[in-house]
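Spelled out from the first residue to the last, the chains are:
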Amino acid sequence: MQSKILFYKSRKIQGTMKLFFVCFATLFSISEAFFARTQHHNFRLHMSEASNLLYQEQEKLIVSRGELEEKIMSQKAKPIKASKVKVRGTGSAGGFGNTAGVGNKKASLNVEAKVHSKLLKRDGVVRIDNVLSSNVADSMREFAYNLRKKSEEEVEAGIAKPIQRFADVLLKKNRCDLTIPLGNEVVSDALDEVLRISAVGRTIAAILGDDAVLYELSCLMSDPGSQRQVVHPDTPYIDGKGPILYTCFIALQDIRLDMGPTTWLPGTHTAEAHEDFADTASDPKSGESRKDALIRTKPAVLGTLSKGSCAIFDSRCLHCGTANKSQDSRALFYFSFKSPQVGYPGNPPSIRAELGSAMVTLKALEEDLDIRSKENKQPLIDQLAATMR
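Residues numbered from 1 in each chain as written. Predicted model: local features only at pLDDT ≥ 70, side-chain atom pairs only at ≥ 80, totals over all residues. Heavy atoms only, no water.

Caption draft 1: Just the packing of aromatic side chains, in detail. Scanning all chains against the criterion turns up five aromatic pairs. Aromatic pair Phe249 and Trp264: ring centres 6.4 Å apart, planes at 50°, arrangement tilted. Here Trp264 lies in strand E6 (residues 262-264) and Phe249 lies in strand E5 (residues 245-251), a separation of 15 residues in the sequence. Here the two residues Phe249 and Trp264 agree in accessibility, since each one is buried. Centre to centre, the rings of Phe249 and Tyr334 are 5.5 Å apart; their planes meet at 75°, and the pair counts as edge-to-face. One end of the pair, Phe249, is in strand E5; the other, Tyr334, is in strand E10 (residues 330-338), and 85 residues separate them in sequence. Of the two residues, Phe249 and Tyr334, both sit in the buried class. Here the aromatic cluster, defined as three or more aromatic residues joined through ring pairs, consists of Phe249, Trp264, Phe313 and Tyr334. Looking at Lys291, its charged tip hangs above the ring of Phe277, at a distance of 4.6 Å from the centre. (Phe/Tyr/Trp six-rings, centres within 6.5 Å; stacked < 30°, edge-to-face > 60°. Helix = DSSP H or I, 4+ residues; strand = E, 2+ residues; numbered from the N terminus. Buried < 20%, exposed > 50% of the residue type's maximum accessible area, 1.4 Å probe, protein only. Lys NZ or Arg CZ within 6 Å of the ring centre and 35° of its normal.)

And the structure:
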């Protein structure tokens, strides 16, 4: 049977198909207004100005829809709870506090991963605590904000194009998606703790396999004043295909409720949920669409993660970032791994182009990190870092 894409809306696009058509109509309206103005005032319309106006109108629609969805959800979201695993002969589950010996480490991680992956397949999202130590989380946060400043300066000076430093997002005000290069020890330390020491790598491998491909490596930053996003999946549901992409969000600081935590709707990574989500027609009797009914009735969880904790989620699971109403910026270091059975997953990647084109597998990255832990060298990472511009 030919694969059928039921619905798709990327976090880069941040809008429903309905919003797209509304915005497309708005572009014609804006163009007509400018044409009339041109005739009257004898000045020329520049497409860049029209595009900017279209973008502003699109953002207004997205913000309005996000506010509506917040009311529909009626504050029913609860903090996501950590997946608890007790492995005989070890400490608490997670990367740190696990006291298993070296010989038992891999075995215990596989046991943890089995439990986490089972929940992940069932719910579409799972929380794992202690995947990043406090000091590495602090160092990674400092590195990311310094890199953001440097990247903004490079773009401003014309040294780099925006797409070489930042992934494309809507609702750009007070929000950015900063792609992370390899080569800095802080980044290697963070990847080592999350992928090699914690159960995150084995959890993803348990579903996608060791040949899963690194698809994203970036840092989402939500500054004070950033608006709530609309609910969306990152990739479509495709008939006959299993999971496409798993993303791991790692908190680089404690995330409070007022800092705009991500909200997930567990169990919405299914064909049925995507069919409902794609149906925006209002019911003649209730006046409510299947999409709004889904958002209203599905239990939701909030990513109020502690520093160093993570949430791994299926890219098909419905979610959204909420408004940052605090005075503090929120940073999430993240990466995604793609199924080796899938080509383009329907979601443009947030990753440096040089790294994305290398098609690095989970197994190759874990092996390189293992070499680093034993011999204090990282041949693959250094090779990839040398290609970064």
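Here the narrative resumes.
Caption draft 2: Spotlight on the environment of Thr270. Along the chain, the position of Thr270 falls in the loop between E6 and helix H7 (271-278). C-alpha separation for the pair Thr270 and Ile238, spaced 32 residues apart in sequence, amounts to 9.5 Å.

Caption draft 3: Seen up close, the environment of Lys71. In this structure, Lys71 sits in helix H2 (residues 47-73). The exposed category is assigned to Lys71, whose relative accessible area is 67%. Expressed as a C-alpha distance, the spacing of Lys71 and Arg296, which sit 225 residues apart in the sequence, is 8.9 Å.

Caption draft 4: Broad picture of the sheet that holds strand E7 (residues 301-302). Spatially, the four strands line up as an open sheet ordered E1-E7-E6-E9, and their pairing is mixed. Every interior strand has two partners, whereas the edge strands, strand E1 (78-79) and strand E9 (319-321), have only one. Relative to E7, E6 runs antiparallel, the two sharing two bridges. Residue pairing across strands places Trp264 opposite Val301, the latter belonging to E7. (Pairing = 2+ DSSP bridges.)

Caption draft 5: Inspection of the environment of Arg65 at higher detail. By secondary structure assignment, the location of Arg65 is in helix H2. With a relative accessible area of 16%, Arg65 lands in the buried category. Once the C-alpha coordinates of Arg65 and Val230 are considered, the two residues, 165 residues apart in sequence, prove to be 6.4 Å apart. Arg65 has contacts with Val230, Lys291, Asp292 and Ile295, leaving out every residue within four places of it along the chain. A polar contact of 2.6 Å, which involves the side chain of Arg65, links it to the side chain of Asp292. (Contact = heavy atoms within 4.5 Å. Polar contact = N/O pair within 3.5 Å; in protein donor to acceptor, adjacent residues only side chain to side chain.)

Caption draft 6: Highlighting unusual backbone geometry. The backbone of Met359 shows a phi angle near 55°, a positive value even though the residue is not glycine. Along the chain, Met359 falls in the loop between helix H9 (353-356) and helix H10 (362-375). Backbone geometry places Asn376, a non-glycine residue, at a positive phi of 60°. Position of Asn376 relative to the elements: it lies in the loop between H10 and helix H11 (379-385).

Spatial relationships are all this shows, so hold off on functional conclusions.
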